[in-house]
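Examining the three-dimensional arrangement
Next come the chains, spelled out residue by residue.
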Amino acid sequence: MKRNIPFAILIFVTVLLSCNKSEKPATEAQDEETAQTPVPVQEETTAAAARVASPVPGYGISYPYGVKNPRYAAGYHTGDDYASPKGTKVVAVLDGTIAWSNNNGGAYGTWIGLRATNGRDYVYCHLSVRSVSTGAKVVAGQKLGEVGATGNVTGPHLHFEDRPKGGGYGQVRKPTW
């Protein structure tokens, strides 16, 4: 039996207590995310480079998927947030192809869509820098861009969504890979 359970509970409680979300009502384009406290984590390493522990290496979830709030356009938070300093690298969570990479994300600002080998689209939002172009083949752990505060936010973080291939806003599940 592992003895890391108390540490996991401490992290979970810390995340819950640090989540202070206040968004504007109405449409997706008006959603605004508040500043968050970075949650540093020890990076896991695996023998196979086909999977990474976090889309923001060294940082954990600062505001989780699924928090219900009628002021969100979808009625709940549609992804996991990873608060970290502007310029922190974001990486591919799995191998795949870049489905889009542009500045046309509306409330999501500068964003990238990774169409992964598991058939899912992973959406990286609020970026300050995009390091890949549409159509590029990438491998797990490869840098895709950098954390920013573009779109409707009050502080730098990565908003990370897990959608079915071609899925749009609100067609999401808790991010897993």
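Use the structure listed above.
Given the structure is predicted, the values throughout are model-derived calculations rather than measurements.

Quick look at the packing of aromatic side chains
By the definition in use, this model includes 8 aromatic pairs. Aromatic pair Tyr108 and Trp111: ring centres 5.8 Å apart, planes at 40 degrees, arrangement tilted. Per residue, the accessibility class of Tyr108 equals that of Trp111, and both read buried. With centroids separated by 5.0 Å and ring planes inclined at 70 degrees, the aromatic side chains of Tyr124 and Phe160 adopt a geometry described as edge-to-face.

A word on the pattern of salt bridges
Within this structure, the stated rule accounts for 6 salt bridges. Ionic pairing is found between Asp162 and Arg120, a salt bridge with its closest N-O pair at 2.8 Å. Here Asp162 is found in strand β9 (residues 157-164), whereas its partner Arg120 is found in strand β5 (residues 120-125), with 42 residues between them in sequence. The network of salt bridges with shared partners includes Arg120, Asp162 and Arg173.

Considerations on the sheet that holds strand β6 (residues 127-130)
Note: strands within a sheet are paired through backbone hydrogen bonds, in either parallel or antiparallel orientation. Spatially, β2-β8-β6 is the arrangement adopted by the 3 strands of the open sheet, whose pairing is antiparallel. Each edge of the open sheet is held by one strand with a lone partner, namely β2 (89-91) and β6. On average, each strand axis in the sheet is tilted by 35 degrees relative to the strand beside it, whichever way the strands run. In this structure, β6 lies alongside strand β8 (residues 143-147), joined through 3 bridges in antiparallel fashion.

Digging into the pairing of β9
Of all 8 residues in β9, 7 are buried, a share of seventy percent or more. Examined bridge by bridge, strand β1 (residues 80-83) and β9 share 4 bridges and lie antiparallel to one another. Across the sheet, residue Ala83 finds its bridge partner in β9, namely His157. Pairing between β5 and β9: 6 bridges, direction antiparallel.

Description of unusual backbone geometry
Here the phi dihedral of His126 falls at roughly 70 degrees; this positive angle occurs in a residue that is not glycine. With respect to the element layout, His126 can be found in the loop between β5 and β6. Residue classification places His126 among the buried positions, given a relative accessible area of 1%.

Some remarks on the sheet that holds strand β3 (residues 96-102)
Taking strand neighbours across the sheet as the criterion, the 6 strands line up as β1-β9-β5-β4-β3-β7 in an open arrangement whose pairing is antiparallel. Pairing within the sheet leaves two strands with one partner each, and these edge strands are β1 and β7 (137-138).

So, the nonpolar core
Ranked by internal contacts, the top residues of the largest apolar core, which has 24 residues, are Tyr122, Tyr124, Leu144 and Leu158. Counting only elements with at least two residues in this core, the list comes to β2, β4 (111-116), β5, β8 and β9. Residue contributions to this core peak at 3 residues, all from β4. If we skip the residues at most four places from it in the chain, Leu158 touches Pro55, Val56, Asp80, Asp81, Tyr82, Val90, Tyr124, Cys125, Leu127 and Val147. With 5 residues, the next largest nonpolar core counts Trp100, Trp111, Val123 and Cys125 among its residues.

Criteria and cut-off values
- Residues numbered from 1 in each chain as written.
- Predicted model: local features only at pLDDT ≥ 70, side-chain atom pairs only at ≥ 80, totals over all residues.
- Heavy atoms only, no water.
- Phe/Tyr/Trp six-rings, centres within 6.5 Å; stacked < 30°, edge-to-face > 60°.
- Buried < 20%, exposed > 50% of the residue type's maximum accessible area, 1.4 Å probe, protein only.
- Salt bridge = Lys/Arg side-chain N within 4 Å of Asp/Glu carboxyl O.
- Helix = DSSP H or I, 4+ residues; strand = E, 2+ residues; numbered from the N terminus.
- Pairing = 2+ DSSP bridges.
- Axes fitted to C-alpha atoms, helices over the stretch in contact; angles between N-to-C directions.
- Core = buried A, V, L, I, M, F, W, Y, C linked by side-chain atoms within 4.5 Å.
- Contact = heavy atoms within 4.5 Å.

From the geometry alone we can't say anything about function, so treat these as descriptive.
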